Amino acid sequence: MKGKCWKFGDNINTDEIIPARYLNTIDTKELAAHCMENADPNFTKKVKAGDAIIAGDNFGCGSSREHAPIAIKAAGLSCIVAKSFARIFFRNAINIGLPIFECPEAAEQIREGDEIEVSLSTGEIVDLTLKRRFKFEPFPREMQEIIQAGGLMNFVKKKMKVA
Amino acid sequence: MGMTITEKIIAAHSGLKEVSPGQFVYANVDICLGNDITAPIAIEEFEKAGIKNVFDPEKIVLVPDHFTPNKDIKSAQQSKSLRIFAEKHRLKHYFEIGRMGIEHALLPEKGIVAPGDLVIGADSHTCTYGALGAFSTGVGSTDLAACFATGKVWLKVPESIKFVFHGKVKNWTSGKDLILYTIGKIGVDGALYKAMEFTGSAISQLPMDDRFAMCNMAIEAGAKSGIIAPDKNTEEYIKGRVTKKYVMYHSDPKCNYAKTYEFNADEISPQIALPSLPENTKPVDEVSGIKIDQVVIGSCTNGRISDLRIAAQLLKGKKAHPSIRLIIIPATQDIYKQALQEGLIETFIDAEAVVSTPTCGPCLGGHMGVLAEGERALSTTNRNFVGRMGHPRSEIYLCSPAVAAASAIMGKITPPGGTVKN
């Protein structure tokens with residue numbers, strides 16, 4: 001994962017990520033078109049495939065709407081690095097296979113516009129602009145199983161042995 | 001060391017004698033829930049996975065309540081997908097409009113959730129049922145799809161935070177004020193990933209409707225769940241509603257809490273949360289006089305019968321201020337009917353309020369009261385995020401039904417003092 005960073009503050013909530021006025025659809029392209037609209041109306045015009053969101057504490061707080069991580073993923077963002085995530089957003093991201101990393105140090109120091117590279121194998125976020133490396137804690141084994149299966153439904157299918 | 005009520009319920013549903021915070025479990029679910037916004041994704045995921053049957057048609061609840069009665073063609077399509085799924089899998093608990101209510105008011109009312117249950121819902125306010133002594137938490141649509149298939153959910157056992165409310169709740173202060181006060185003290189991530197356990201003499205005396213309002217907003221402090229140990233009030237409420245067997249769990253006298261907060265309920269006056277986070281709370285007295293355009297009384301937080309009674313008590317013989325649009329939404333059909341029989345609806349209409357069929361509608365800026373640019377709402381709902389009720393440059397203040405009704409009359413934020421509450 002390699003891309004340019006877009007920085008947001010604390011408590012970015014699901015009404016900012018995808019306002020409820022767009023929840024009358026589950027079309028991922030339509031959701032992507034309004035990604036982060038209440039936080040930055042021009043976001044989708046600026047963002048490119050592979051870019052990353054850097055945020056403060058409690059990213060994704062509020063509603064349980066899975067449309068929020070879906071909109072971010074479908075807008076082409078490769079990952080989110082935050083100081084902390086709200087819990088329903090966290091599990092939704094794991095369940096749909098949107099990479100998220102809890103790393104307060106990186107979230108603090110990475111600047112808007114910096115280029116970062118994330119390596120899952122080494123557990124490192126590298127700020128290529130700042131030339132600085134940040135370690136993140138790997139997920140617990142059980143969550144890694146879900147991630148490795150490619151999301152919760154694939155994991156369930158495997159367990160239930162559905163073809 | 002003993003276990004908390006939350007740990008006991010999770011252990012019992014995971015086939016374990018005991019669990020401790022941080023432990024990863026696959027828990028058996030008694031009830032799983034979805035609505036017209038979240039269930040369509042769950043249904044699509046379930047069908048895409050090629051799974052034929054749901055785990056138990058009696059344990060899945062679908063309530064189209066957010067954009068219903070369908071506000072546009074797209075919403076109608078979403079509701080339709082719920083109806084088709086419910087018919088196909090012969091779901092026992094599908095609630096069509098006219099028979100429904102806002103999900104978190106409806107499920108307790110219909111006796112679908114019992115003390116000791118483990119409930120998940122693809123709606124963040126699923127934590128409401130903690131008021132019945134159940135472990136209940138919000139999840140996403142894919143979690144719901146997985147639960148349709150397996151009847152299980154993955155969980156990390158949360159640490160618990162204990163909130164002790166000493167003393168007695170005073171005049172005009174409600175469960176809503178206690179929870180707004182709490183969120184103001186600990187912040188919107190003050191209980192992140194934790195279970196909030198509410199206890200103390202003020203909670204023991206608190207009516208069920210107020211307990212639902214408190215547990216409902218646990219999520220606004222980032223919590224996984226909110227819970228109140230079941231007692232006589234709980235038993236009285238579920239009598240005639242819950243027909244299945246249930247277990248009343250209680251925390252052991254000695255168990256681990258990540259933190260304990262002690263508050264004196266006597267010192268908590270009616271609260272208000274200023275834009276644009278529920279943690280921006282202040283006593284109403286300190287912000288009285290702020291002009292408002294719209295007042296909403298309703299939602300899964302405060303659309304219950306006692307909420308409507310308090311509002312009617314204040315509005316009786318009065319009119320909403322000419323500059324105010326007053327919207328009142330009974331949370332379920334039964335509450336609506338009860339309010340009608342008690343003459344509350346007549347009071348509201350005489351006060352020049354709009355009374356609507358049950359819907360989440362305005363709370364999330366869906367329909368039935370969307371705000372224009374620069375408008376300010378005072379609402380008994382649960383979130384005041386930027387753009388939540390409409391235009392990104394509109395504002396929301398959160399409060400109890402008493403504050404909302406008193407303010408609707410004056411056209412500006414007004415404490416409900418003066419008269420004595422019945």
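Structure first, text after, so check above.
Scoring rules and cut-offs
- Residues numbered from 1 in each chain as written.
- Chains lettered and ligands numbered in written order.
- Predicted model: local features only at pLDDT ≥ 70, side-chain atom pairs only at ≥ 80, totals over all residues.
- Core = buried A, V, L, I, M, F, W, Y, C linked by C-beta atoms within 7 Å.
- Buried ≥ 20, exposed ≤ 12 C-beta atoms within 10 Å, placed from the backbone.
- Helix = DSSP H or I, 4+ residues; strand = E, 2+ residues; numbered from the N terminus.
- Contact = placed C-beta atoms within 7 Å.
- Pairing = 2+ DSSP bridges.
- Nonpolar A, V, L, I, M, F, W, Y, C, P; charged D, E, K, R; others polar.
- Axes fitted to C-alpha atoms, helices over the stretch in contact; angles between N-to-C directions.

## Topic: the nonpolar core
Okay, step 1: Grouped together as the largest cluster of nonpolar side chains are 197 residues, with contacts concentrated most on Ile 72, Ile 80 and Val 81 of chain A together with Ala 311 and Ala 405 of chain B.
Okay, step 2: At seven residues, helix H12 (residues 305-315) of chain B tops the list of elements feeding residues into this core.
Okay, step 3: Among residues more than four places away in sequence, those in contact with Ala 311 of chain B are Ile 297, Ile 328, Pro 401, Ala 404 and Ala 405 of chain B.

## So, the sheet that holds strand S2 (residues 31-35) of chain B
Residues and elements named next belong to chain B.
Okay, step 1: Spatial ordering of the open sheet is given by S4-S3-S2-S5-S6, a layout of five strands whose pairing is parallel. One side of each edge strand has no neighbouring strand; the edge strands of this open sheet are strand S4 (93-94) and strand S6 (135-138).
Okay, step 2: With four bridges joining them, strand S5 (residues 118-121) and S6 adopt parallel strand pairing. Looking across to S6, one finds that Leu 118 is bridged to Phe 135.

## Considering the interface of chain A and chain B
Okay, step 1: Facing the 38 residues of chain A at the interface are 45 residues of chain B.
Okay, step 2: Broken down by element, the residue count for the side of chain A that touches chain B peaks at six residues, all from helix H5 (residues 87-96) of chain A.
Okay, step 3: In terms of residue class, the side of chain A that touches chain B is made up of 15 nonpolar, 13 polar and 10 charged.

## Some remarks on the sheet that holds strand S8 (residues 160-166) of chain B
By way of backbone hydrogen bonds, the strands of a sheet pair with one another, either parallel or antiparallel.
All names here are of chain B.
Okay, step 1: Spatially, four strands are ordered S10-S9-S8-S11 in an open sheet, and the strand pairing comes out parallel. Unpaired on one side and paired on the other, strand S10 (225-227) and strand S11 (259-264) mark the two borders of the sheet. Geometrically, the sheet is characterised by an average inter-axis angle of 20 degrees between neighbouring strands, direction not taken into account.
Okay, step 2: Where S8 lies against strand S9 (residues 195-199), five bridges are found, and the strand directions are parallel. By the bridge assignment, Phe 163 is partnered in S9 with Phe 198.

## Quick notes on helix H15 (residues 401-410) of chain B
Residue and element names in this part refer to chain B.
Okay, step 1: Among the 10 residues of H15, eight are classified as buried, and the element is accordingly described as predominantly covered.
Okay, step 2: Buried residues of H15: Pro 401, Ala 402, Val 403, Ala 404, Ala 405, Ala 406, Ser 407 and Ala 408, and no others.
Okay, step 3: Positive backbone phi, approximately 80 degrees, marks Gly 411, located one or two places after H15.

## A short note on the pairing of strand S5 (residues 115-119) of chain A
Each regular strand carries side chains that alternate between the two faces of the sheet.
All names here are of chain A.
Okay, step 1: Burial of the side chains of S5 is restricted to one face: Ile 116 and Val 118 are buried, whereas none of Glu 115, Glu 117 and Ser 119 on the reverse face is.
Okay, step 2: In the sheet, strand S1 (residues 2-7) pairs with S5 via three bridges, with the strands oriented antiparallel. What sits directly across from Lys 2, in S5, is Glu 117.
Okay, step 3: Note that S5 and strand S6 (residues 124-127) share four bridges and pair antiparallel. Looking across to S6, one finds that Ile 116 is bridged to Asp 127.
Okay, step 4: Taking the residues that link successive antiparallel strands as the turn, the S5-S6 hairpin has four residues, and the phi of Gly 123 there is positive, at about 70 degrees.

## Digging into unusual backbone geometry
Okay, step 1: For the peptide bond that leads from Thr 68 of chain B to Pro 69 of chain B, omega is -15 degrees, which places it in the cis range.
Okay, step 2: Summarising the element assignment, Pro 69 of chain B is placed in the loop between strand S3 (60-63) and helix H3 (73-88).
Okay, step 3: For the bond from Pro 275 of chain B to Ser 276 of chain B, the omega torsion is 0 degrees, close enough to zero to count as cis.
Okay, step 4: Structurally, the position occupied by Ser 276 of chain B is in the loop between strand S12 (271-273) and strand S13 (281-283).
Okay, step 5: Even without glycine at this site, Lys 131 of chain A takes up a positive phi of about 55 degrees.

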